[in-house]
Amino acid sequence: MSEVTLRQLEYFAAVAETQSVTNAARLCHVSQGAVSLALGQLEHALGVTLAMRQRGRGIALTPEGQEVATRARFITEQVERLREAVAQVHTGLSGRLAIGVFTTVAVHVVPHLIDWFCTRHPDVQLVFVEGSGPEIQEALFAGRTQLSIGYEAQFGQDCDSEVIHEFHRKVLLSPSHPLAEFDEISFAQLAQYPAAFLDLEPALQYTLAEFQRYGVSANVGWLLANVPSIHSVVGRGLAYSLLMQPAESSVEDRPLVFRPLSDATHSNSLVAAMPVGISRSAMVSEAVACLHAQWT
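Summary of the structure given here. (Residues numbered from 1 in each chain as written. Predicted model: local features only at pLDDT ≥ 70, side-chain atom pairs only at ≥ 80, totals over all residues. Heavy atoms only, no water.)

## With respect to the side chain of E43
Selection rule: Strands here mean DSSP runs of E at least two residues long; helices mean DSSP runs of H or I at least four residues long; both are numbered from the N terminus. Buried means the residue's accessible area, taken with a 1.4 Å probe over protein chains only, is under 20% of the maximum for its type, while exposed means over 50%, and partly exposed covers the values in between. His is not counted here, nor are the chain ends, while Lys and Arg score as positive and Asp and Glu score as negative. A side-chain nitrogen of Lys or Arg and a carboxyl oxygen of Asp or Glu constitute a salt bridge if their distance falls within 4 Å. In protein, a polar contact requires one atom able to donate a hydrogen and another able to accept it; more generally it is a pair of N or O atoms within 3.5 Å, and residues adjacent in sequence count only if both atoms are side-chain atoms. The criterion used for residue contact is that any of the two residues' heavy atoms lie within 4.5 Å.
Following the sequence through the fold, E43 ends up in helix α3 (residues 32–46). Among buried charged residues, E43 stands out as having no salt bridge; its nearest opposite-charge side chain is R53, 8.5 Å away. At 3.3 Å, the side chain of E43 and the backbone nitrogen of A51 are in polar contact. With sequence-adjacent residues up to four places away left out, E43 is seen in contact with V48, T49, L50 and A51.

Shown next as structure tokens:
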């Protein structure tokens, strides 16, 4: 049996309503030939005659045609309601918005997003999925989130990424660290001291590759799961670290300083990412606008 298509049902519902191929074509904004072809295909697919042409009196439906017409009208009405519902979700600023956020970025963007939507769009329910780069990308392509926020190195070519703010890695130190006296610091200088790095991919791989690019190896003292722990270790003068976001003190209230690298490094900008080919909903566009406003 041939496949029944929505277009065939739409055209047949118009024929049943107008009792005329000519008027059905006008109603559907297509040619008479297109309606006649769809009617013939539908009859072939169902294996029955649905309509009989009556010279001078238009179209008469067979009993089978009357049954199909009733169901065709119901199906086309439901499809139209579906279109309207999807349009409302896509263009409206209400409903659920799930956002994937790279772990280290969450503390910087989540409070701002919540404040923005609570103030401007209280009908939007924000849900955040925090994780590593691969985790938030997997959630995005699995459809669990509508937007991902992280660093550009975390997203591949199958993502459409918009730069929110350009960042470069900088050296985080205790003021008592021997390197704190320098205005700029090289990778060769850093290699002489123990480091505390974030144990998240691809952040760790990216960091170690930068040392290798300058012919040295990092002295990795500790791999830690979160930034506050790194701040505490660095604040005690036990290590340095390389991070994107500056901090004035650790959670233990120990002072921290931020120094630029003297060696050239690639930028690793903060980006908002979606799968390529997916159009933005109004809620996603508003979230991106919020992030731009944060760094303006």
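Back to the write-up after that little detour.
## What about the packing of helix α1 (residues 6–18) against α3?
So the rule is basically this: Here an axis means a line fitted to C-alpha atoms, over the contact stretch when the element is a helix, while the angle between two N-to-C directions is reported on a 0 to 180 degree scale. Each angle gets one of four labels, with under 35 degrees taken as roughly parallel, over 145 as roughly antiparallel, 65 to 115 as roughly perpendicular, and the rest as oblique. Note that Gly is not counted as nonpolar here; it falls among the polar residues with everything else outside the nonpolar set of Ala, Val, Leu, Ile, Met, Phe, Trp, Tyr, Cys and Pro and the charged set of Asp, Glu, Lys and Arg.
Axis separation between α1 and α3 bottoms out at 9 Å; the angle between their running directions is 110°. Here α1 lies roughly perpendicular to α3, going by the angle between them. Here Q8, L9, Y11, F12 and V15 of α1 come into contact with α3, specifically with A34, V35, A38, L39, Q41 and L42. Here the contact of α1 with α3 is built from residues that sort into 9 nonpolar, 2 polar and no charged.

## Quick word on helix α10 (residues 282–294)
What sets the pattern is the α-helix's 3.6 residues per turn: residues three or four places apart point alike. Note the threshold: In a helix, the anticipated span is given by 1.5 Å times the number of residues less one.
Over its 13 residues, α10 extends 18 Å from the first C-alpha to the last, a length consistent with the 18 Å expected when each residue adds 1.5 Å. Among the residues making up α10, those that are buried are M283, V284, E286, A287, V288, C290 and L291.

## So, the sheet that holds strand β11 (residues 257–259)
We count it as follows: Note on pairing: two strands pair once DSSP finds at least 2 bridges between them.
Pairing is antiparallel in the open sheet, where 3 strands are placed in the order β10-β7-β11. Since the sheet does not close on itself, it has two edges, and those belong to β10 (241–243) and β11, each with one partner. Adjacent strand axes in the sheet meet at a mean angle of 40° when their direction is disregarded. Bridge count for strand β7 (residues 170–173) against β10 is 3 bridges, and the pairing is antiparallel. In the sheet register, K170 faces β10, and the bridge partner there is L243.

## Considering the nonpolar core
We apply this condition: In this text, buried Ala, Val, Leu, Ile, Met, Phe, Trp, Tyr and Cys residues form a nonpolar core when linked through side-chain atoms within 4.5 Å.
Ranked by internal contacts, the top residues of the largest apolar core, which has 48 residues, are L147 and I149. The leading source of residues in this core is helix α5 (residues 103–120), at 7 residues. In terms of nonpolar packing, the next biggest core, distinct from the first, is built from 20 residues, L9, V35, A38 and A51 among them.

## Some points on the sheet that holds strand β5 (residues 147–151)
The strand order β4-β3-β5-β12-β6 describes an open sheet built from 5 strands, whose pairing is mixed. A strand with exactly one partner marks an edge of an open sheet, and here the two such strands are β4 (124–131) and β6 (159–165). Each adjacent strand pair in this sheet contributes to an overall mean axis angle of 25°, direction not counted. Examined bridge by bridge, β5 and strand β12 (residues 270–275) share 4 bridges and lie antiparallel to one another. Residue pairing across strands places S148 opposite A273, the latter belonging to β12. The strands touched by helix α6 (residues 133–141) are β3 (95–102), β4, β5, β6 and β12; relative to β4, the strand with the most contacts, the crossing angle is about 140°.

## Things to note about the state of the cysteines
Let me state the cut-off plainly: Working definition: a disulfide is two cysteine sulfur atoms within 2.5 Å of each other.
Taken as a whole, this structure holds 0 disulfides when the rule is applied. Not engaged in a disulfide, the cysteine C118 finds its nearest cysteine sulfur in C290; these two sulfurs lie 11 Å apart.

## Comments concerning the pairing of β12
The buried fraction of β12 is high, at 6 of 6 residues. Covered by surrounding structure in β12 are L270, A272 and M274 together with V271, A273 and P275, the residues of both alternating faces. In terms of strand pairing, β6 meets β12 through 6 bridges, oriented antiparallel. Looking at the pairing, H165 lines up with L270 of β12.

## What about the packing of α1 against helix α2 (residues 21–28)?
Here is the rule: With the far helix as reference, a near helix turned anticlockwise by less than a right angle produces a left-handed crossing, and one turned clockwise produces a right-handed crossing.
Relative to each other, α1 and α2 sit at 125°, their axes nearing to 8 Å. When the interaxial angle is binned, α1 and α2 end up oblique. Like other packed secondary-structure pairs, α1 and α2 cross with a definite hand, here right-handed. Of α2, the residues touching α1 (which contributes E10, Y11, A14, V15, E17 and T18) are N23, A24, L27 and C28.

## What about the environment of V288?
Within the secondary structure layout, V288 lies in helix α10. The contacts of V288, once residues within four sequence positions are left out, are L147, E162, I164, A272 and R280.

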